Amino acid sequence: MADSADSLKTTPLHAIHKDMGARMMGFGGFDMPVQYSSIMEEHMAVREAAGLFDVSHMGELLVEGTEALPLIQRLITNDAGTLSDGRALYTVMCTPEGGIIDDMIVYRRAEDRYLLVLNAANVERDVEWIREHNRDGAALHDISDDTALLALQGPRSLDIAQPFLERDLNDLPFYHFWEADDGSFLDCKAAVISRTGYTGETGLELYVPADDAPRVWRTLLEAGDDQGLLPAGLGARDTLRLETGLCLHGNDITEQTNPYEAGLGWLVKLDKGDFVGRDALEAIEREGPERMLIGFVGTERGIPRHDHVLQSPDGETIGVVTSGTQSPVLDVGIGLGYVPNESRYTEPGRSLRIASRRRTFEATVAEPPFHED
């Protein structure tokens, strides 16, 4: 949902986006680029070549000291104790009732030094929650304002970035990262090169100092110009993540949803020891969630939207759409939504209906990613 134009924050690349003629919109408290050319063109560039996103609205929190790992372990559902230096993991942070406060990536930079990457709209809430549970005095440093995050995504992304790195990107596995604190990456004072992303494609996420970001942005766009690289906005980022079936906090996951019903039970490591929400999640895992997040693909013309009604084939209301769009690859409507945890509603191939105020159209339950054969 778009924010009011009043009091929006800006990223270090804001002036560049304006100069490039990007259409801007409030998102997560920031004035962000939605698109430069068209969502369709930018989406397909990422699927077929590469796209460059400014996602500097995301938050970054350093957690340091001997109590860093114990604090993180108390707060997240996944097991950060399995990490070694240079590795990252995806996780959620829950309330005592098992509701999802936020989803995040945890980077282990050293045994006593971690980086947490938080959703933009949740940074203040997350940091306050972490401080409240920091009873043993881990050092917390919110470096969000000093950090820019660029996402270079698509099948040609590694080739575009490779000339600016001394190490072979083919040696960097998924959910691993390198640190370059010596200026070796585009003369940045410090940089984190991470094999992560939110598009379902090969890609990198590049954490650089805020004042280095404009130079990095321009250099990468110039380097990728002959390889089909396009600047891409949040519109394409949303259609890409939805084609891949990735959840968006605030839509598909909230404090009113738990990891098991959201299909994220694989992030819950009940055997790692105590953590906030463990008892509630153990009960849900034992008894089974009452509802489940499903994916669906339209079989009739129509675009599902957030809060459209999900119906059974006979018209009974069974849930709501949490995310929906027109898939640029499939040229049909796709979406996610919660329905009762019964096979007649959750089994792939089952029929359902999407109802808006104006019309109703048919769809079929399908497992993401939707765009892959």
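Our structure's up above, just so we're on the same page.
Notes on the structure follow.

## Here we look at the sheet that holds strand β15 (residues 309–311)
Part 1 of the reasoning: Here we have six strands rolled up into a closed barrel, ordered β14-β17-β16-β15-β18-β19, and antiparallel in their pairing. Taken over all neighbouring pairs, the strand axes of this sheet differ in orientation by 40 degrees on average, direction set aside.
Part 2 of the reasoning: Of the strand pairs in this sheet, β15 and strand β16 (residues 317–326) are connected by three bridges, and their pairing is antiparallel. Counted as the bridge partner of Gln-311 is Thr-317 from β16.

## With respect to unusual backbone geometry
Part 1 of the reasoning: Cis geometry is adopted by the peptide bond preceding Pro-369, which originates at Pro-368 and carries an omega value of 0 degrees.
Part 2 of the reasoning: Looking at where Pro-369 falls in the secondary structure, it is placed in the segment after β19 (360–366).
Part 3 of the reasoning: A positive phi angle is found at Tyr-175, which is not glycine, with a value near 60 degrees.
Part 4 of the reasoning: You can see Tyr-175 is positioned in the loop between α5 (157–161) and β10 (177–180).
Part 5 of the reasoning: Of the residues examined, Tyr-175 reaches a relative accessible area of 17% and is grouped as buried.
Part 6 of the reasoning: If you check the backbone angles, Asp-307 has positive phi at about 80 degrees while not being a glycine.
Part 7 of the reasoning: Tracing the backbone through its elements, the reader meets Asp-307 in the loop between β14 (291–298) and β15.

## Concerning the layout of surface pockets
Part 1 of the reasoning: Considering only enclosed or pocket space, the second largest pocket measures out at about 320 Å³ in volume.
Part 2 of the reasoning: Along the wall of the second largest pocket there are 19 residues; nearest its centre are Lys-9, Phe-30, His-57, Ser-144 and Asp-145.
Part 3 of the reasoning: Considering only residue class, the lining of the second largest pocket consists of six nonpolar, nine polar and four charged.

Conventions and cut-offs
Residues numbered from 1 in each chain as written. Predicted model: local features only at pLDDT ≥ 70, side-chain atom pairs only at ≥ 80, totals over all residues. Heavy atoms only, no water. Pairing = 2+ DSSP bridges. Helix = DSSP H or I, 4+ residues; strand = E, 2+ residues; numbered from the N terminus. Axes fitted to C-alpha atoms, helices over the stretch in contact; angles between N-to-C directions. Buried < 20%, exposed > 50% of the residue type's maximum accessible area, 1.4 Å probe, protein only. 1 Å grid on protein atoms, 1.4 Å probe; cavity = no way out; pocket = protein on both sides within 12 Å on 5 of 7 lines; lining within 4 Å. Points joined across faces, edges and corners; volume = space filled by probe spheres on them. Nonpolar A, V, L, I, M, F, W, Y, C, P; charged D, E, K, R; others polar.

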